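Now for the letters of each chain:
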Amino acid sequence: MISFGTDGWRAVIADSFTFRNLALLTQAVAQAVVRQHQGSDPPEMVVGYDTRFLSDRFAAEVACVLAGNGIIAWLTRTDAPTPAISWNVRLKGASAGIVITASHNPPRYNGFKLKTAYGGSATREQCAGVEAELRTLEGAGREPVRLDYEEGLRTGQIRRFDPGWDYYQHLSTLVDVDQISRRELSVMVDAMWGAGRGAIKTILSRSRCQVNEIRDVLNPGFGGIHPEPVLRYLNELVAAVQRVQADVGLATDGDADRIGAIDAMGNFVDPHQIFALALRHLVEQRDMRGAVVKTISTTRMINNLCRRYGLPLHETPVGFNHIADLMMQEDVLIGGEESGGISIRGHIPEGDGILMGLLLLEIMAQAQAPLHEIVADLQAEFGPAHYGRIDAHLDIQLPKGELVRRLAENAPSTLAGEGVTLVDTTDGIKFWLADNSWLLIRPSGTEPLLRIYAEAPTTEALPVLLCEGQALGNDLIDGRSS
């Protein structure tokens, strides 16, 4: 069964993620696009890919199937960041886009992200439409229609292009590169062997910043780690920052739509802090206002900032597609999630780790202070807030509705010595406590994992809260809650 999760379809390479299944899914997308297309010219789509094993060949297969269905396929010449591909969908006026990537997932996975004409992820309704097309195809036993790759190039049905330059120019309109340059920052960039390699260095190539990179070569196995910019996978970046005495280390995930950072002291600056710093900077330094959108798993510092500035705040389920929906409907200043996907007004409604890395440099340049001091000031004014997450592996994928029902029916009255004041079932189950700390338990939308999130006012309270959350999860997995 092929179905869309939080952001597209992901599966293990050579297990479910095969050329056959990929071609069938692309055929379903092609039929949906052709059916909805209006105009005399043929529809166009943009196709890109990341650095994973066989991603380039998978992307070529996608282009062949699109071309076979009369769609002009713009295929990137090399691996590229997902936000760069999405920006080019909008820039070219294409009907949609497809990115072959499993983002931050382990190297054995690959994936299929579907992008809409406005550059964001496909809506739930659009994904459901593609799934319906796929079921019809399978039921009828129809084979995908494909055009030979060389024939596609010869006829112009498949067109190779570089998505980078226009994307870099666009980012330069959203970030003050001149201000960053004047600060002459020393920056260490960690692409985590992903598709963000070279992007920040290229954008800052004419600045006075000193930009060095690590893990910026093609390595489909990602050195045996998950290409996710969280502290446990950033030891090499911590060492590199301290080795060259850099002002900051910036890390992007496998397809560069997420961000994480390391300050000059070797401390991890998580996406919660980056999101909060960006919001404060946009309001106080750029005099910008608008609605703010965050997922249910994101820091309460955003709530505090919005309360201070009088900004409307929306809280959504996990997944940037929910944020994107609101960014398309309202005047949203910034939207983000705990995983590091963040975007701002003027950009596409999609997380962009490269953009947010550059914006963090602008924040440092404007403040003329080390990053650890900027973060300490943020915590003093809008915190304290200390965040953590535990991923509990599941032998089976638990139905989310059943999980939430069981947890809600067995909700504790206290956690970590604090009274439970509110139980929220927007996405998974979230317990708000009397001291404004919180615990969230929810199954992953892309992997067989139970994710346990918590935020507490002290570093001592955080592990206690996470442990209690894990105990609740273990009870559920073991079947002791029914």
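Above this text you will find the structure in question.
Residues numbered from 1 in each chain as written. Predicted model: local features only at pLDDT ≥ 70, side-chain atom pairs only at ≥ 80, totals over all residues. Heavy atoms only, no water.

## Points about the pairing of strand 20 (residues 438–443)
Then, number 1: For strand 20, the tally of buried residues reaches six of six residues, placing the bulk of the element in the interior.
Then, number 2: With four bridges joining them, strand 19 (residues 429–433) and strand 20 adopt antiparallel strand pairing. By the bridge assignment, Trp432 is partnered in strand 20 with Trp438.
Then, number 3: A loop of four residues connects strand 19 with strand 20, the two strands running antiparallel in sequence, and Asn436 in this loop sits at a positive phi of about 75°.
Then, number 4: Examined bridge by bridge, strand 20 and strand 21 (residues 449–456) share six bridges and lie antiparallel to one another. From the neighbouring strand, Leu439 faces strand 21, where its bridge partner is Ala454. (Buried < 20%, exposed > 50% of the residue type's maximum accessible area, 1.4 Å probe, protein only. Helix = DSSP H or I, 4+ residues; strand = E, 2+ residues; numbered from the N terminus. Pairing = 2+ DSSP bridges.)

## Here's the deal with the side chain of Asp424
Then, number 1: Relative to the helices and strands, Asp424 is located in strand 18 (residues 418–424).
Then, number 2: Comment: no salt bridge for buried Asp424; closest opposite-charge side chain is Lys430, at 6.0 Å.
Then, number 3: Among the polar contacts made by the side chain of Asp424, one reaches the side chain of Thr426 at a distance of 2.6 Å.
Then, number 4: For Asp424, the contacting residues outside a window of four places in its chain are Ile296, Glu315, Ile429 and Lys430. (Lys, Arg positive; Asp, Glu negative; His and termini not counted. Salt bridge = Lys/Arg side-chain N within 4 Å of Asp/Glu carboxyl O. Polar contact = N/O pair within 3.5 Å; in protein donor to acceptor, adjacent residues only side chain to side chain. Contact = heavy atoms within 4.5 Å.)

## Quick word on the pattern of salt bridges
Then, number 1: For the structure shown, the criterion picks out 28 salt bridges.
Then, number 2: Between Lys115 and Glu350 there is a salt bridge; the shortest N-O distance is 2.4 Å. Taken together, the residues span a long stretch of sequence, with Lys115 in strand 5 (residues 109–116) and Glu350 in the loop between strand 15 (342–344) and helix 13 (353–367) at a distance of 235 residues.

## Details of the packing of aromatic side chains
Then, number 1: For the structure shown, the criterion picks out eight aromatic pairs.
Then, number 2: Both rings, one in Phe4 and one in Phe112, keep their centres 6.5 Å apart while their planes meet at 65°; by these two values the pair is edge-to-face. Of the two residues, Phe4 sits in the segment before strand 1 (9–12) while Phe112 sits in strand 5, which places them 108 residues apart along the sequence.
Then, number 3: Residue classification places Phe4 among the buried positions, given a relative accessible area of 14%.
Then, number 4: Between Trp9 and Phe17 the ring centres are 4.8 Å apart and the planes differ by 20°, which places this aromatic pair in the stacked class. For the residue pair Trp9 and Phe17, the accessibility class agrees, reading buried in each case. (Phe/Tyr/Trp six-rings, centres within 6.5 Å; stacked < 30°, edge-to-face > 60°.)

## Structural notes on the packing of helix 11 (residues 301–309) against helix 14 (residues 371–382)
Then, number 1: For the pair helix 11 and helix 14, the least separation of the axes is 10 Å and the interaxial angle reads 70°. What the angle tells us is that helix 11 and helix 14 run roughly perpendicular. With respect to the hand of their crossing, helix 11 and helix 14 are arranged in left-handed fashion. Of helix 14, the residues touching helix 11 (which contributes Met301, Asn304, Leu305, Arg308 and Tyr309) are Leu378, Gln379, Glu381 and Phe382.
Then, number 2: The class makeup of the residues in the contact of helix 11 with helix 14 is five nonpolar, two polar and two charged. (Axes fitted to C-alpha atoms, helices over the stretch in contact; angles between N-to-C directions. Parallel < 35°, antiparallel > 145°, perpendicular 65-115°, else oblique. Left-handed = near helix turned anticlockwise from the far one by under 90°. Nonpolar A, V, L, I, M, F, W, Y, C, P; charged D, E, K, R; others polar.)

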